[in-house]
Amino acid sequence: MPNAPKRVLTVVGARPQFVKLLPLSRALRRRFHEAIVHTGQHYDDEMSRVFFEELSLPEPSRHLGVGSGPHGAQTGLMLTRLEEAIVEEKPDVVIVLGDTNSTLAGALAASKLGVPLAHVEAGVRGHNRREPEEQNRIVADHLSDLLFVPTADGVAELKREGITRGVHRVGDVMLDAIELVEDALRSRTPAFERFGVESGRYALATFHRAANVDDPVMLEGLIAALAESEEPVIFPVHPRTRARLAASGLDARLKEAPRVRAIEPVGYLDMLSLVRGARVVVTDSGGLQKECYLLGVPCVTADRQTAWAETVRDGWNVLVPPESGRLGEAIRTFRPRGARGRHYGDGRASERIAEILARFLGEA
Ligand code: UD1
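Since this is a predicted model, take the numbers as computed values, not measurements. (Residues numbered from 1 in each chain as written. Predicted model: local features only at pLDDT ≥ 70, side-chain atom pairs only at ≥ 80, totals over all residues. Heavy atoms only, no water.)

(A) The pattern of salt bridges, seen in detail. On inspection of all chains with the given rule, the structure shows 33 salt bridges. A salt bridge links Glu161 to Arg125; the shortest N-O distance between them is 2.7 Å. Here Glu161 is found in the loop between helix H6 (152–160) and strand E7 (167–169), whereas its partner Arg125 is found in the loop between strand E5 (117–120) and helix H5 (132–143), with 36 residues between them in sequence. Residue classification places Glu161 among the partly exposed positions, given a relative accessible area of 25%. By relative accessible area, which is 4% here, Arg125 ends up buried. Between Arg352 and Asp346 there is a salt bridge, and its shortest N-O distance comes to 2.7 Å. Using a relative accessible area of 22% as the deciding quantity, one classes Arg352 as partly exposed. Beyond isolated ion pairs, a larger network of salt bridges with shared partners links Arg7, Arg62, Glu88 and Glu89. (Salt bridge = Lys/Arg side-chain N within 4 Å of Asp/Glu carboxyl O. Helix = DSSP H or I, 4+ residues; strand = E, 2+ residues; numbered from the N terminus. Buried < 20%, exposed > 50% of the residue type's maximum accessible area, 1.4 Å probe, protein only.)

(B) Representation of empty space enclosed by the protein within the structure. All chains considered together, the criterion is met by two cavities of 30 Å³ or more. A volume near 90 Å³ is recorded for the largest cavity. Of the residues that constitute the lining of the largest cavity, the class distribution is one nonpolar, six polar and five charged. Looking at the lining of the largest cavity, you find at least three residues from each of domain 1 (7–171 + 348–360) and domain 2 (184–333). Volume-wise, the second largest cavity comes out at about 50 Å³. (1 Å grid on protein atoms, 1.4 Å probe; cavity = no way out; pocket = protein on both sides within 12 Å on 5 of 7 lines; lining within 4 Å. Points joined across faces, edges and corners; volume = space filled by probe spheres on them. Nonpolar A, V, L, I, M, F, W, Y, C, P; charged D, E, K, R; others polar. Domains from an automatic or database assignment.)

(C) Inspection of the site of the ligand at higher detail. If you check the shell around the ligand, you find 20 residues, and the closest are Gln41, His42, Asp44, Asn101 and Arg240. Tyr43 places a main-chain nitrogen or oxygen 3.0 Å from an oxygen atom of the ligand. Here an oxygen atom of the ligand and a side-chain polar atom of His208 are 3.1 Å apart. Contact with the protein chains hides 88% of the accessible area of the ligand, taken as 740 Å² for the molecule alone. The pocket occupied by the ligand, as judged from atoms lying within 2 Å of grid points, is the largest pocket. Residue assignment for the shell around the ligand shows that the elements contributing at least two residues are helix H3 (71–89), H5 and helix H11 (239–248). Among the elements that line the shell around the ligand, the one with the most residues is H5, at three residues. The residue inventory of the shell around the ligand, partitioned by class, reads six nonpolar, ten polar and four charged. Residue-level mapping places the shell around the ligand at the junction of two domains, with at least three residues from each of domain 1 (7–171 + 348–360) and domain 2 (184–333). (Near = heavy atom within 4 Å. Polar contact = N/O pair within 3.5 Å; in protein donor to acceptor, adjacent residues only side chain to side chain. Areas by Shrake-Rupley, 256 points an atom, 1.4 Å probe, with all protein chains shown as cover. Sits in = over half its atoms within 2 Å of the grid points.)

If you want it as structure tokens, here you go:
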């Protein structure tokens, strides 16, 4: 009788992880039994369900229903429930993705139970330890047995921190995801048409990082920059940002800005379509900075640092802190210079990850 397939348990919970799951889960399911555990960090339909439906992602085996909360409470509840899930599912390896609190909880739960841990998007550093995402990355990397690194920079970052074992540069699963939806994207009406804007004649804005939106001064800088735009600005508003806009009264200011169109968060296909049609994107999202680069759209990043320095070095991304007062001007005037490189691999990162896992688990 052939041996039963090895068991992998993949932890997801927040929007960017559902996108990464698309290529990764396909590659994993060709070789392994995969249990997906959804922590429930993101729970609104437009932050979670829409991704599973639109991308036909496999239904999670478990929903932990953790929801929002302060970091300690949110991460603690995840840890408790993930520990139970891992004990019951008995995986041969736990996989965590990216840099969210779900990543951190998954990494802690697996390593405390002595289950091998693999981190997808390892080695990424924004060099700001006050950011929760940076804290999550560092802990996940230092606990991992296998580190799947997207870029050459990531390998160098890990080396500086003394991590050289189990490190594999595989490319970026977000490029794999874009390639998987190319056809679907081509056959749809471009999303920007629904919002009454023309290709190449609008800006696309997103903000959600705590350092930007939880501080009313920073948030005001962001809204002021959008409000001074002379071209239409499409602004899909993250639930965290919507809550902070309401709490600070800045939502009234947004409504008065004639060119800004605040909309609900959109699904992955619409987002890629909006990026592709934009003249410029202004954001604090790491994933979006990378998507802009991959799709050849200039990006203005509302931050002092970036975890994706390649995009800045190549001249396709510029860092402009929201409190600088220069964000509006940067959105108007930034033009990319230089060629784009192939820093993020060849669209086969997920397959490589599955191959390396198979070898690690003694299957290859
Ligand atoms: C999280 C991740 C970030 C990732 C981002 C993508 C952490 C520390 N941060 O930030 O790395 O880039 O997701 O979106 O894990 N909320 C809702 N509905 C939802 C989800 C969130 O209303 O479906 C609101 C809640 O008010 C909550 C707030 O958003 O308090 C923040 O959610 P949280 O899970 O802390 O992180 P994000 O800001 O979404």
